[in-house]
Amino acid sequence: LAGDAPGACASVRAMARTSGTTETRQIGFWTAVGCRDWDLGWRLTENLPEAANAQFQFECRSAARGWVSKFRGDPAAARTAFERAKQVLLDHGKDHPPDSNHASLLGMVLAELGEKDAALESARLALTLRPASNDAWLLQHRKFDLALVEIAVGDRAVGLALLRELLREPSDQVSPA
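Computed from a predicted structure; not experimentally measured.

Further remarks concern the overall build of the protein chain. The helix and strand inventory of the protein chain stands at nine helices and two strands. In sequence order, the protein chain lays out its α and β elements as α-α-α-β-β-α-α-α-α-α-α. The principal-axis extent of the C-alpha atoms belonging to the protein chain is close to 40 × 35 × 30 Å. Across the 177 residues that make up the protein chain, the buried fraction comes to 45%. Intrachain contacts of the protein chain at a sequence separation of at least 6 include 52% that bridge at least 24 residues. With the model as given, the accessible surface of the protein chain reaches about 9,200 Å², and the carbon-plus-sulfur share is 55%. Within the protein chain, one finds 21 positive and 23 negative side-chain charges whose respective centroids are separated by 3 Å.

See the structure below:
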């Protein structure tokens, strides 16, 4: 489907009724968001766990609902969802060892809530934790997340510098195209 946005959106609509794997859930959700199909994006959050670590990312239904609400133009609902996601992620962190996927998502959620210092601390911590600390590919994911956090908290120049750094590395995270 390279470059076929309508085809990608149609594929996601067709798979919306299945829970799938972590990767297909995430790809489906973000494709629906990219297609600006907010109702589909919301429906796909129903397949996400409230809090669960996965190989490549951390899943959190409330965070996903926060992004759908934000992009849909409902800041009050977005804030409520991100506040819930923050609590869910903090609670999860009390009972599980620290890891990069969790720390990165927590940083992204804190950035959405305007908690700049805590967001940056969490997103930077993610670069030092496993699995990203011993997996170059996952480290690129977490660097990309840190760039998004930097931009979200108002440090656009720093975030863009991180993206430029990623462009100099062999990566599937960013592309000059």
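Moving on from the coordinates now.
Relative placement of two packed helices is described by the angle separating their axes and the distance separating the axes. Packing of helix α4 (residues 61-72) against helix α5 (residues 75-95) leaves a shortest axis separation of 8 Å and a crossing angle of 165°. Compared by their axis directions, α4 and α5 come out roughly antiparallel. Remark: the crossing between α4 and α5 carries left-handed chirality. Touching S62, A63, R65, G66, W67, S69 and K70 of α4 are A77, A78, A81, F82, R84 and A85, all from α5. Here the residues of the contact of α4 with α5 sort into seven nonpolar, three polar and three charged.

Put simply, helix α2 (residues 22-34) and α4 touch, their axes get as near as 11 Å, and they point 10° apart. Here α4 runs roughly parallel to α2, going by the angle between their axes. Across the interface between the two elements, F29, W30 and V33 from α2 touch A64, W67, V68 and F71 from α4. Across the contact of α2 with α4, the residue classes break down as seven nonpolar, no polar and no charged.

In this model, α5 (21 residues) spans 31 Å end to end at C-alpha, consistent with the 30 Å of a helix rising 1.5 Å per residue. Of all the positions in α5, only A78, A81, F82, A85, K86, V88, L89 and H92 are classed as buried.

Quick look at the pattern of salt bridges now. Here the structure, examined in full by the defined rule, presents 12 salt bridges. As a salt-bridge pair, K94 and D91 come within 3.6 Å of each other at their nearest N and O atoms. Of this pair, K94 and D91 both sit in helix α5, three residues apart, roughly one helical turn. Classification of K94 by relative accessible area gives exposed; the value is 64%.

The rules we used
Residues numbered from 1 in each chain as written. Predicted model: local features only at pLDDT ≥ 70, side-chain atom pairs only at ≥ 80, totals over all residues. Heavy atoms only, no water. Helix = DSSP H or I, 4+ residues; strand = E, 2+ residues; numbered from the N terminus. Buried < 20%, exposed > 50% of the residue type's maximum accessible area, 1.4 Å probe, protein only. Contact = heavy atoms within 4.5 Å. Areas by Shrake-Rupley, 256 points an atom, 1.4 Å probe, with all protein chains shown as cover. Lys, Arg positive; Asp, Glu negative; His and termini not counted. Charge placed at Lys NZ, Arg CZ, Asp CG, Glu CD. Axes fitted to C-alpha atoms, helices over the stretch in contact; angles between N-to-C directions. Parallel < 35°, antiparallel > 145°, perpendicular 65-115°, else oblique. Left-handed = near helix turned anticlockwise from the far one by under 90°. Nonpolar A, V, L, I, M, F, W, Y, C, P; charged D, E, K, R; others polar. Expected span 1.5 Å × (residues − 1). Salt bridge = Lys/Arg side-chain N within 4 Å of Asp/Glu carboxyl O.

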